[in-house]
Amino acid sequence: MPADLWDLPCGAKTRAGTPCKITALYFGGRCKWHGGLSTGPKSEAGKEQSRINGRKGGRPKRQKPES
């Protein structure tokens with residue numbers, strides 16, 4: 001990000017209607033709470049993987065090693 005934009009506040013409005021004061025911005029000009037890191041999967045393969053992950057219900061369980 002250009003140096004002249006480093007100390008600017010987020011600029012989004014909070015639920016209370018006041019401007020957000022966070023200055024740690026991403027390239028979109030918003031903070032992590034108001035300007036999203038991820039926009040979600042774009043490709044059909046990514047969307048399908050997201051659906052599969054949603055059905056799993058978390059990380060897979062570790063299996064005990066056979067003795």
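Reference entry: report on the structure contained in this document. From a predicted model like this one, the values you see are computed outputs, not experimental measurements.

## As for the overall build of the protein chain
Thinking step 1. Counting its regular elements, the protein chain contains 1 helix and 0 strands.
Thinking step 2. Counting the 67 residues in the protein chain, one finds 7% classified as buried.
Thinking step 3. For the protein chain, restricting intrachain contacts to residue pairs at least 6 apart in sequence, the fraction spanning at least 24 positions comes to 10%.
Thinking step 4. By element, 55% of the accessible surface of the protein chain is carried by carbon and sulfur atoms, the whole surface being about 6400 Å².

## Notes on the pattern of salt bridges
Thinking step 1. By the definition in use, this model includes 2 salt bridges.
Thinking step 2. Between Glu44 and Lys47 there is a salt bridge; the shortest N-O distance is 3.9 Å. Of this pair, Glu44 and Lys47 are both found in helix H1 (residues 44-56), 3 residues apart, which corresponds to roughly one turn of the helix.
Thinking step 3. A salt bridge links Glu48 to Arg51, with the shortest nitrogen-to-oxygen separation between them at 2.7 Å. Note that Glu48 and Arg51 are positioned in helix H1 at a spacing of 3 residues, about one turn of the helix.
Thinking step 4. Among the residues examined, Arg51 registers a relative accessible area of 43% and is labelled partly exposed.

The rules we used
Residues numbered from 1 in each chain as written. Predicted model: local features only at pLDDT ≥ 70, side-chain atom pairs only at ≥ 80, totals over all residues. Heavy atoms only, no water. Helix = DSSP H or I, 4+ residues; strand = E, 2+ residues; numbered from the N terminus. Buried < 20%, exposed > 50% of the residue type's maximum accessible area, 1.4 Å probe, protein only. Contact = heavy atoms within 4.5 Å. Areas by Shrake-Rupley, 256 points an atom, 1.4 Å probe, with all protein chains shown as cover. Salt bridge = Lys/Arg side-chain N within 4 Å of Asp/Glu carboxyl O.

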